[in-house]
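# Analysis of the macromolecular model
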Amino acid sequence: MTILPINPTENASPDALIGFLRQCREAARGDGRERLVSISIQVGALDPLAVLEAIFESGELHFYAERPNIHTAIAGAEAVLVHEASGPERFESAQRFIDDVLARTIAVGDVDAPFGGPHFFSAFTFLDQVEQGEAFPAARVFVPRWQVARAGEVTTAVANLLVAPDSDLATLAERVLRAHGKFKHIDYDAKPAVPVTSQPCVFQTTEAGDFRTTVKGGLAAIAAGVVKKIVLARVQDMQTNAPLHPLRLLNGLRERFPECYSFSVANGRGQSFIGASPERLVRVSKGVLETEALAGSARRGQSASEDAALGAELLASEKDRREQGHVLESIVRRLEPLGFAPQFPSQPVLRKLANVQHLHTPVSAVMPAGIHLLDALARLHPTPAVGGSPREEAVARIRDLEGFPRGLYAGAIGWLNARGGGEFLVGIRSALVEGRNARVYAGAGIVAGSDPEREFAETELKFRAMREALLG
Ligand SMILES: C=C(O[C@H]1C=CC=C(C(=O)O)[C@@H]1O)C(=O)O
């Protein structure tokens, strides 16, 4: 990436902008390849979700991820560049795309500010192949036309555009100035693309099959010695009496689950995959990778003492410790061959959410030279928190046992920046929303000794988050 020392705020006149764009066009003419021009500026405090909602277009790709409790949120929409891939090489393919784009990127402005510079918004489905008619491809990475992010008190807006050898500079400049104006005066009263009259209510829920039978199928594979652990999920199709607005649902989720990642990934065809996930897949910042082993669940208590008793029971549960141990062991085993030396505490701790509590072990490691975040992701995904152990045997059985395609449920959803940093969450506690329909997902890890009835109850607890968001 080429960083030019131009201050876009001081050079915001149409003439200065055209002069800068001419420089970019000369570079494009030099080798005949278009340039990605990325302009970053710090702006006054904005709520990225409010911005995305105000500008929401159901016909455009968008990406949103937020950690409310650490005041971090990033929104981007309208693709200027998109890459799609499938198969076992999909992560490598995504990395090649990113390297190629960065090699022909010209960035100006507050590139070093939090969330400055171009970002690559990415979503990888659970499996590396998808079925006909699924909402999302096995891998999609896009660079948005605009991006707004908040990190604490700092809000950064980024405009991205393509400059080709034959681009018309006046048209491009006008587009940049229009985008700039848009972020200076957000019209929060803009009509939502989906009219929402009142709070929609769910009037029909359907579910195929019986989850207890699915769990018994998993237990049979365990008894046969094929797998030690398998994570099995169920879906409920909910229909409401009025159109759902994915970002309004998300607003409810972020309020109720401030310690989770609230996220929305839209496919530009009116379908959005949204959720509030407690699980980080990987984060890379300043040369350090962070991941976690999250598995084993119990409900929250009605009182402090009941809650503490349930937590203590979970910490002491041999079955849940084994379930979570598979995840930790797999993370370490998969990272070590890349040269990572993972560090983690010897005992898990409790991670308490509004509806459930989990066993949790944070893992961190220094990034080895020459290793990218996506190399680590390719090794880690899917962890036994959502797949199973051994991975290949478990993953090969999930589709048949569950009876539906997972799509982005339990997939890897996140962003990467030009500095090699980025963050991915696991797409659980989630739903695929379209019009008046929401397909809601919830799963549970099955090991020897799992009880189908208890696993059913656990998925009911996990469903509750999305159900409550739908009901308001
Ligand atoms: C697969 C899911 O959760 C995983 C993450 C945490 C705890 C889990 C469990 O206790 O089974 C699951 O492994 C889900 O919520 O759909």
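Thresholds applied
- Residues numbered from 1 in each chain as written.
- Predicted model: local features only at pLDDT ≥ 70, side-chain atom pairs only at ≥ 80, totals over all residues.
- Heavy atoms only, no water.
- UniProt positions renumbered as here; feature names shortened; annotations may be inferred.
- Helix = DSSP H or I, 4+ residues; strand = E, 2+ residues; numbered from the N terminus.
- Expected span 1.5 Å × (residues − 1).
- Buried < 20%, exposed > 50% of the residue type's maximum accessible area, 1.4 Å probe, protein only.
- Arc of directions from axis to C-beta.
- Contact = heavy atoms within 4.5 Å.
- Pairing = 2+ DSSP bridges.
- Near = heavy atom within 4 Å.
- Polar contact = N/O pair within 3.5 Å; in protein donor to acceptor, adjacent residues only side chain to side chain.
- Areas by Shrake-Rupley, 256 points an atom, 1.4 Å probe, with all protein chains shown as cover.
- Domains from an automatic or database assignment.
- Buried area = accessible area lost by both parts, 1.4 Å probe.
- Salt bridge = Lys/Arg side-chain N within 4 Å of Asp/Glu carboxyl O.
- Axes fitted to C-alpha atoms, helices over the stretch in contact; angles between N-to-C directions.
- Parallel < 35°, antiparallel > 145°, perpendicular 65-115°, else oblique.
- Left-handed = near helix turned anticlockwise from the far one by under 90°.
- Nonpolar A, V, L, I, M, F, W, Y, C, P; charged D, E, K, R; others polar.
- Phe/Tyr/Trp six-rings, centres within 6.5 Å; stacked < 30°, edge-to-face > 60°.
- Lys NZ or Arg CZ within 6 Å of the ring centre and 35° of its normal.

As named in an unreviewed UniProt entry, the protein is isochorismate synthase, taken from Rariglobus hedericola. The record held by UniProt for the protein lists under Sequence similarities (unreviewed entry) the comment "Belongs to the isochorismate synthase family." Here the protein is described in UniProt, under the heading Catalytic activity (unreviewed entry), as follows: "chorismate = isochorismate".

Taking 1.5 Å as the rise per residue, helix α1 (residues 14–31) with 18 residues should run 26 Å; its terminal C-alpha atoms sit 26 Å apart, in good agreement. Listed as buried for α1 are Leu17, Phe20, Leu21, Cys24, Arg25 and Ala28. In an axial view of α1, the angular spread of the buried residues amounts to 145°, which keeps them on one side of the axis. Facing away from the buried surface of α1 by more than 90 degrees, the exposed residues are Asp15 and Gly30. Those residues of α1 that are buried are in contact with β2 (35–43), β5 (105–109), β8 (154–163) and α4 (169–184). Of the residues trailing α1, Gly32 is marked for its positive phi of about 75°.

Attention now moves to the pairing of strand β6 (residues 119–124). Of all 6 residues in β6, 6 are buried, a share of seventy percent or more. What you see with β6 is no split at all: His119, Phe121 and Ala123 on one side and Phe120, Ser122 and Phe124 on the other are buried throughout. As paired elements, β6 and strand β18 (residues 412–417) share 6 bridges and run antiparallel to each other. When the sheet's bridge partners are listed, Phe120 is paired in β18 with Leu416. Taken together, the 4 bridges between β6 and strand β7 (residues 139–151) define a ladder with antiparallel strand orientation. Residue pairing for β7: Phe121 is matched across the bridge by Phe142.

In the vicinity of the ligand lie 18 residues, with Ser297, Ala385, Tyr409, Arg429 and Gly443 positioned nearest. Between the ligand and Glu323, the relevant distance is 3.1 Å, taken from an oxygen atom to a side-chain nitrogen or oxygen of the residue. Take Arg429: an N or O atom from its side chain is 2.5 Å from an oxygen atom of the ligand. Bound to the protein, the ligand loses 100% of the 390 Å² it would expose on its own. At the level of secondary structure, the elements contributing two or more residues to the shell around the ligand comprise β14 (288–299), β21 (437–447) and α11 (452–471).

Turning our attention to the domain arrangement of the protein. Split by domain assignment, the protein resolves into domain 1 (2–184) and domain 2 (202–471). Each partner contributes to the interface: domain 1 provides 44 residues, whereas domain 2 provides 53 residues. Counting each side, the surface lost to burial between domain 1 and domain 2 is near 4000 Å², with a carbon and sulfur contribution of 62%. Per-residue buried area on domain 1 facing domain 2 is highest for Phe91, Phe126 and Phe136; these three make up 19% of the total on that side. On inspection of domain 1 and its partner domain 2, the count reaches 5 salt bridges.

Attention now moves to the packing of α1 against α4. Running from N to C, α1 and α4 point in directions that differ by 120°, and their axes come no closer than 9 Å. Considering the angle they form, α1 stands oblique to α4. Between α1 and α4 lies a crossing of right-handed hand. Taking contact as the criterion, the partners of Pro14, Leu17, Ile18, Leu21, Arg22 and Arg25 in α1 are, on α4, Leu169, Ala170, Leu172, Ala173, Val176 and Leu177. Of the residues contributing to the contact of α1 with α4, the split by class is 10 nonpolar, no polar and 2 charged.

Pairs of aromatic rings are described using the distance from one ring centre to the other and the angle between the two planes. Inspection of every chain in the model, using the stated rule, returns 10 aromatic pairs. Centre to centre, the rings of Phe115 and Trp415 are 5.3 Å apart; their planes meet at 70°, and the pair counts as edge-to-face. Placement of the pair is Phe115 in the loop between β5 and β6 and Trp415 in strand β18, with a sequence separation of 300 residues. For the residue pair Phe115 and Trp415, the accessibility class agrees, reading buried in each case. Aromatic pair Phe121 and Phe142: ring centres 5.7 Å apart, planes at 50°, arrangement tilted. Placement of the pair is Phe121 in strand β6 and Phe142 in strand β7, with a sequence separation of 21 residues. In this structure, Phe121 and Phe142 share a single accessibility class: buried. One Lys or Arg, Arg67, reaches over the ring of Tyr261 and ends 4.8 Å from the middle of that ring. Note that Arg212 overlies the ring of Phe456, its terminal NZ or CZ placed 3.8 Å from the centroid.

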